[in-house]
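A closer look at the structure
As a plain string of letters, each chain reads:
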Amino acid sequence: MVETKEIEQSNKISSFGLSSFFITLTSSGFLSMGSYIIFSLTNIDAYISAIIGTILGVIPFLIYIFIAKNSEDKDIIDLNISLFGKTIGITLNVILNVVIFFISVLSLYNISQFVDIQFMPETESIYLKILILLPIAYAASKSITSIAKISQIFMFIKLGFILITILGVLKSVNISFIYPIMKNGVIPPLIGSLVYMIFFTYPFFLLTIIPKNQVIEEKHSKRKMLLLFLISNLIILIRFFLVATILGEDIIPMLRYPEYIILKKFQLFSLIERVENILALYFIFNNIMYQIISFYFIIKSIKKIKIFNKVKNDNGYPYILAALVLISATMIFKNTAQAAHLIKNYVPYIIVGGIFIPMLITFFALLLKKGVSFVKIIKQRESGINVNE
């Protein structure tokens, strides 16, 4: 009995640990994906899209909070089956897992390309992918408690890197580069804000795989989440603003990784310079953290299938999933141009259709269920029936 309680306690996370994911996950969709689309749409007005996108992003944030609060201690997989029955519930869960797997494959390709170009150009791409996947699979095999601790470590490293970066590139900022504001009208920044909202908010819907009873509630836990949500938005806003004011509208369209290029301008106290590769590690940390949560989501979903649920030693699942992601990334994405075309023209719609719509369906079902329960309580009170009986 004591051992069971210890196991249950070891699989819990603090509300701060959960909140840390809002820093480590939300930037993961921008390198080579969200940023690429937004800069191609808005150029130097990308920071305006970030401001509007932050406001729009509050809506998905509140939807996530509502789902987590009213999930009846179920993760999203069990919750969907409970709300809709097996047929519709399993359909929604399959859609979620397929899209999360696809984004994981795309993220692996993007980060391996980034590492290949900026760090290890002489290394074969497949070796880089394996090198990235091994620690991801290992971390995903651990409990959510361990994963949350990794997230907290990455969060503090990321915040430190961001602060150092701002101090180091501040001298290169030229405010005149942001003018004229909205040169091509208001439509591109508005479209960019929608893209920003999609890429910023979809990762934290993966946290619905963590049931409410696994989170240790602390004082002001929701405020902590909101605060870190806003801080993460501020970080991306600052990145976009620095890109605009350091590079300018003529250079930005020529670059694949403008956020990395501004790190080359780093100089601190006229002594520390040429540290862009060290500071760029936070791009890699973001991607790794997203991959870990994606793996955890998919593996937890697989374990709920009866055939796999009977397997006692399931430590090999993350490595099997890593192999499938590796094979898929190698087979699907043959070159950078193909990946760029897919990202720009299809990925936002895939995310909306495969993550946002299923989550909205769950949200409205919970809302309806809560509304019906509320009406029943009112009727019972009106009839003089004790609700607690």
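Everything that follows concerns the structure shown earlier in this document.
A few points on the structure. The structure displayed is predicted, hence computed values, not measured ones. (Residues numbered from 1 in each chain as written. Predicted model: local features only at pLDDT ≥ 70, side-chain atom pairs only at ≥ 80, totals over all residues. Heavy atoms only, no water.)

1. So, the packing of aromatic side chains
- Applying the stated rule across the entire model yields 26 aromatic pairs.
- Relative to Phe-363, the ring of Phe-66 has its centre 5.2 Å away and its plane inclined at 75°; by these criteria the two rings are edge-to-face. Of the two residues, Phe-66 sits in helix α4 (residues 46–69) while Phe-363 sits in helix α16 (residues 347–382), which places them 297 residues apart along the sequence. An identical accessibility class is assigned to Phe-66 and Phe-363; each is buried.
- Seen from their ring centres, Phe-199 and Tyr-202 are 6.3 Å apart, and the 75° between their planes marks the pair as edge-to-face. (Phe/Tyr/Trp six-rings, centres within 6.5 Å; stacked < 30°, edge-to-face > 60°. Helix = DSSP H or I, 4+ residues; strand = E, 2+ residues; numbered from the N terminus. Buried < 20%, exposed > 50% of the residue type's maximum accessible area, 1.4 Å probe, protein only.)

2. Topic: the side chain of Asn-97
- With respect to the element layout, Asn-97 can be found in helix α5 (residues 76–118).
- At 3.2 Å, the side chain of Asn-97 and the side chain of Ser-301 are in polar contact.
- If we ignore the near neighbours within four places in the chain, the residues touching Asn-97 are Ile-77, Phe-297, Ile-298 and Ser-301. (Polar contact = N/O pair within 3.5 Å; in protein donor to acceptor, adjacent residues only side chain to side chain. Contact = heavy atoms within 4.5 Å.)

3. Let's talk about the pattern of salt bridges
- Counting across every chain of the model gives seven salt bridges.
- Two residues, Lys-300 and Asp-75, come together in a salt bridge whose shortest N-O distance is 3.8 Å. Residue Lys-300 is located in helix α12 (residues 281–303), and its partner Asp-75 is located in the loop between α4 and α5; the two are separated by 225 residues in the primary sequence.
- Classification of Lys-300 as buried rests on a relative accessible area of 16%.
- Two residues, Glu-259 and Arg-239, come together in a salt bridge whose shortest N-O distance is 2.6 Å. Taken together, the residues Glu-259 in helix α10 (residues 258–261) and Arg-239 in helix α9 (residues 221–247) connect sequence positions 20 residues apart.
- Residues participating in the shared-partner salt-bridge network are Asp-75, Asp-78, Lys-300 and Lys-304. (Salt bridge = Lys/Arg side-chain N within 4 Å of Asp/Glu carboxyl O.)

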